[in-house]
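Residues per chain, in single letters:
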Amino acid sequence: MQAFDRLARPIQKWIRSKGWRELRDIQARATHHILTTNEHLIVAASTAGGKTEAAFLPLLSDVLDREGLAGSGFDLVYIGPLKALINDQCKRLQDICTETELKVTPWHGDVSASIKSKAEKQPSGILLITPESLEALFIRKGNSIPHLFGRTRAFIIDELHTFLDAERGVHLRSLMARLELSIGRGVRKVGLSATLGDISLAKAYLDPDRPEQVADIVAQGGDSELQMQLRAYINGGEEDNAALRAVSDHLFDRLRGSNNLIFAGSRGRVEEVADRLRTKSEEERLPNEFYPHHASLSKEHREFVEERLKSESLPTTAVCTSTLELGIDIGDVTCVAQIGAPFTVAGLRQRLGRSGRRAGQPAILRQYAIESRIDQNSHFADRLRLDLIRSVAMINLLLIGWCEAPNRRALHLSTFVHQILSVIAERGGASAKRIFATLCEKGPFRSIEPPLFVSVLRHLGSPGVDLVEQSEDGMLLLGKRGEKIAEHYSFYAVFKTPEEYRIVHDGKTLGTLPIVQVLAPKMALIFSGRRWEVLSVEEADNTILVKPAPAGRPPKFGGEPGLIDDRVIQEMKRVYLDDAIPEYLDETAAGLLCEARRNFKMLGLETQRIIAIGETKALLAIWQGSVKSNTLALALSAKGFTVAAYDGLLDVEGKNADCSLETALSKIQAAETPRIFSSNTNLMFDKFHPYLSTELLQQDAMSGKLDINALPALADLI
DNA sequence: GACCTGCTGCGGCTTG
């Protein structure tokens, strides 16, 4: 039987109206699978690969043709990570459903209360919702969950890779498990994704008990030809920004006249590059077509840039951060430029997926490395050209199809605290036994054993914390502070957001700035692609008033460094030891690669792993990623050393150390439980960390951000 | 030496 014939009549009619001659391969396979089995499924294909239709054409047919489950509720529940994505998908699904009676309901913070209350009274059809809005339903309408989802046949999880074992993914997994408990049965799950490094981890996300039972449909071939070039630029003096200007000028020449994305690495650099490109357009008396796009810019400005990209009426290049990495529809772009090495190969792959989506068009990557001028006294990180080498390593890994896997060891105690409060709020009270069964036995917190559960719960109820309290019959209730926290709408998200200033010109908000730097009147600012002078700082309502100005500097946005995978650093070492010059390097980059390899040998890194630099300094080459580097760095700083980590290389200074470096390393190697924390180690990273004890915070850090078991091997460097 | 994501109920107002 042909896949098309399995689909419901109205769906077939819609396909004909589109003029499609046949279903795509993944759509046909998904149709057979969904309509002949009850298994969970992962559909993996590139951004424009027709994943949404692959899942929904058969799922909608199932709803239309087959008798439904008893009870009330939405038939299909789509979960998306972005409001904009939900809006996009909502339009597409409404179009597919035109010939049916099925309702399509978007549900997120921007959707009006009237639409929500209407859907709540008579839930049916397709619901498109964010994890946070689903959380809000548990908190506010805990008793209505069976009414809303009693006959739900499937969860469709879009951009599955953004969830997995990140804190927001653990949150969503917990919500799905709780929903299933609440309606008394399991629900089929269909995950959609473009970038899955290890598909078995995605399967374990959908069904941790029986991952091998989860089917997958991966688009065959489909990847278009990849063209790429890595160009390197060298800065002059210390403060000189000549290289970034040269990169901008090169981009100006190559990208004008078409639609492109420039990933600049940080919001500050986005503003800097966008400013340079705009002023160059002015200098050459050409209309500007380069616009900044990042999360701190106003929604209006961002939508303007997105619309310009989508409409394809005027050539447009967005200089952006990872805001434009995810799947909102901005059409096809000619080329993707990346300034500086990215932190993950997965992100690089996702970005590249934005280009070359039309048949016959190649995907084009323009990678730029910015290096400094060096001499014999330069720091080893500069002499080794770490940024350039990491770019090469990441492109190599991209080419062999590797990308990072999520971390499955992490306890996620912050999200755990959140879910404990949520389970209690859902029913107005819950026994400890029930919470444990819900979250740790059925839910995603399976590595939390009863003793750890008890110590978390004890701490939440301890004096001064007051999140939870126990009634006389043993039920756990929200304490005074717990009630206040769970009542406020800021509770629904599990991730933390910093306090911000609003930047205002002429009554209009240009965007926001995290409060990490002191801004004062008369300071010059580059923001939203233009130049400003600060008029006043209103501390009362965190507002900064600005007026246009002829000069400016990009502001500091703050942020923490990202985690780099072990495999990336190991590939960097391989690149140093290799002789080959990749074809995609320009002349400068090839020269710098040879120079970096010479310096690698000159420093002695070919044969040694500890290199003394002067009397008290040393370079430790551990060739592992951020988690392991940070662990050894912490263990050494607990012994009085000052340590900085550079891509698998530790810069160690021992002036105030308790002992020699060799002694410290052998002690770390021999110790059963090496001391790595001191009183000033910062362990508060996540939203609910302030409600955990130091001991619990240490356990949380050791489960995700540190790898204490690796210490003996890491310290074995002699 | 980084980036991103999300959010309810209700009081008070105007308007038909």
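Cut-off values and rules
Residues numbered from 1 in each chain as written. Chains lettered and ligands numbered in written order. Predicted model: local features only at pLDDT ≥ 70, side-chain atom pairs only at ≥ 80, totals over all residues. Heavy atoms only, no water. Helix = DSSP H or I, 4+ residues; strand = E, 2+ residues; numbered from the N terminus. Polar contact = N/O pair within 3.5 Å; in protein donor to acceptor, adjacent residues only side chain to side chain. Contact = heavy atoms within 4.5 Å. Axes fitted to C-alpha atoms, helices over the stretch in contact; angles between N-to-C directions. Parallel < 35°, antiparallel > 145°, perpendicular 65-115°, else oblique. Left-handed = near helix turned anticlockwise from the far one by under 90°. Nonpolar A, V, L, I, M, F, W, Y, C, P; charged D, E, K, R; others polar. Near = heavy atom within 4 Å. Salt bridge = Lys/Arg side-chain N within 4 Å of Asp/Glu carboxyl O. Buried < 20%, exposed > 50% of the residue type's maximum accessible area, 1.4 Å probe, protein only. Domains from an automatic or database assignment. Buried area = accessible area lost by both parts, 1.4 Å probe. Pairing = 2+ DSSP bridges.

Chemist: Kindly report on the side chain of S626, identifying the contributing residues and their values.
Modeler: You can see S626 is positioned in helix 24 (residues 626–637). A polar contact is formed between the side chain of S626 and the backbone nitrogen of I564, at a distance of 2.6 Å. When near neighbours in sequence (up to four residues on either side) are disregarded, S626 contacts G562, L563 and I564.

Chemist: Can you break down the packing of helix 19 (residues 432–442) against helix 20 (residues 450–461) residue by residue, with the values?
Modeler: Across the interface, helix 19 lies against helix 20 with an axial gap of 12 Å and an inter-helix angle of 120°. By the angle between their directions, the pair helix 19 and helix 20 is classed as oblique. As helix 19 runs across helix 20, the sense of the crossing is right-handed. Note on element contacts: helix 20 touches helix 19 through P450, F453 and L457, opposite A432, I435 and F436. Residues of the contact of helix 19 with helix 20, tallied by class, amount to 6 nonpolar, no polar and no charged.

Chemist: Describe in detail the protein's contact with DNA strand B, supporting the description with residues and values.
Modeler: Taken together, 39 residues are adjacent to DNA strand B, and K83, S133, R390, Y489 and E560 come closest. In this structure, T130 approaches DNA strand B through a side-chain N or O atom, which is 2.9 Å from a phosphate oxygen. Backbone polar atom of A295 to a phosphate oxygen of DNA strand B: 2.7 Å apart, as the coordinates give it. Counting only elements with at least two residues in the surface near DNA strand B, the list comes to helix 7 (131–140) and strand 23 (642–646). When residues in the surface near DNA strand B are grouped by element, the largest group, 4 residues, is from helix 7. Split into classes, the residues belonging to the surface near DNA strand B amount to 13 nonpolar, 15 polar and 11 charged.

Chemist: Talk me through the pattern of salt bridges; I want residue IDs and the actual numbers.
Modeler: Following the criterion strictly, the structure yields 33 salt bridges and no others. For R351, the salt bridge is made with E325, and the minimal N-O distance between the two is 2.7 Å. Placement of the pair is R351 in helix 15 (residues 345–352) and E325 in the loop between strand 11 (317–320) and strand 12 (335–339), with a sequence separation of 26 residues. Note that R385 is salt-bridged to E371, the shortest N-O span being 3.4 Å. With R385 in the loop between helix 16 (380–383) and helix 17 (386–399) and E371 in strand 13 (residues 363–372), this residue pair connects regions lying 14 residues apart in the sequence. According to the relative accessible area criterion, R385 is buried, its value standing at 2%. On the basis of relative accessibility, which here comes to 5%, the residue E371 falls in the buried class. A single network of salt bridges, built from pairs that share partners, joins K83, D110, K299 and E303.

Chemist: Outline the domain arrangement of chain A, supporting the account with residue identities and numerical values.
Modeler: Looking at chain A, the domain boundaries give domain 1 (3–218), domain 2 (226–387), domain 3 (413–492) and domain 4 (500–560 + 608–715). Computed over C-alpha atoms, the centres of domain 2 and domain 4 are 25 Å apart. Facing the 18 residues of domain 2 at the interface are 22 residues of domain 4. Between domain 2 and domain 4 the total buried area reaches about 1600 Å² when both faces are included, carbon and sulfur atoms providing 63% of it. The three residues of domain 2 that bury the most area against domain 4 are E271, S296 and F380, which together make up 33% of that side's buried surface. The tally of links between domain 2 and domain 4 comes to 1 salt bridge. One salt bridge in this structure joins R531 and D275, with 2.7 Å as the shortest N-O distance. Taken together, the links from domain 2 to domain 4 amount to 7 residue pairs in polar contact (both at pLDDT 80 or more). Counting only elements with at least two residues in the side of domain 2 that touches domain 4, the list comes to helix 13 (267–283) and helix 16.

Chemist: Any details on the pairing of strand 24 (residues 649–653)? Residues and values, ideally.
Modeler: Burial runs high along strand 24: 5 of the 5 residues are buried. Covered by surrounding structure in strand 24 are L649, D651 and E653 together with L650 and V652, the residues of both alternating faces. Sheet topology note: the strand 22 (residues 617–621)/strand 24 ladder contains 5 bridges and is antiparallel. From the neighbouring strand, L619 faces strand 24, where its bridge partner is D651. Of the pairings in the sheet, the one linking strand 23 to strand 24 comprises 5 bridges and is antiparallel in character. What sits directly across from Y646, in strand 24, is L649. Where strand 23 folds back onto strand 24 in an antiparallel hairpin, the turn is made up of 2 residues, including D647, whose phi is positive at roughly 40°.

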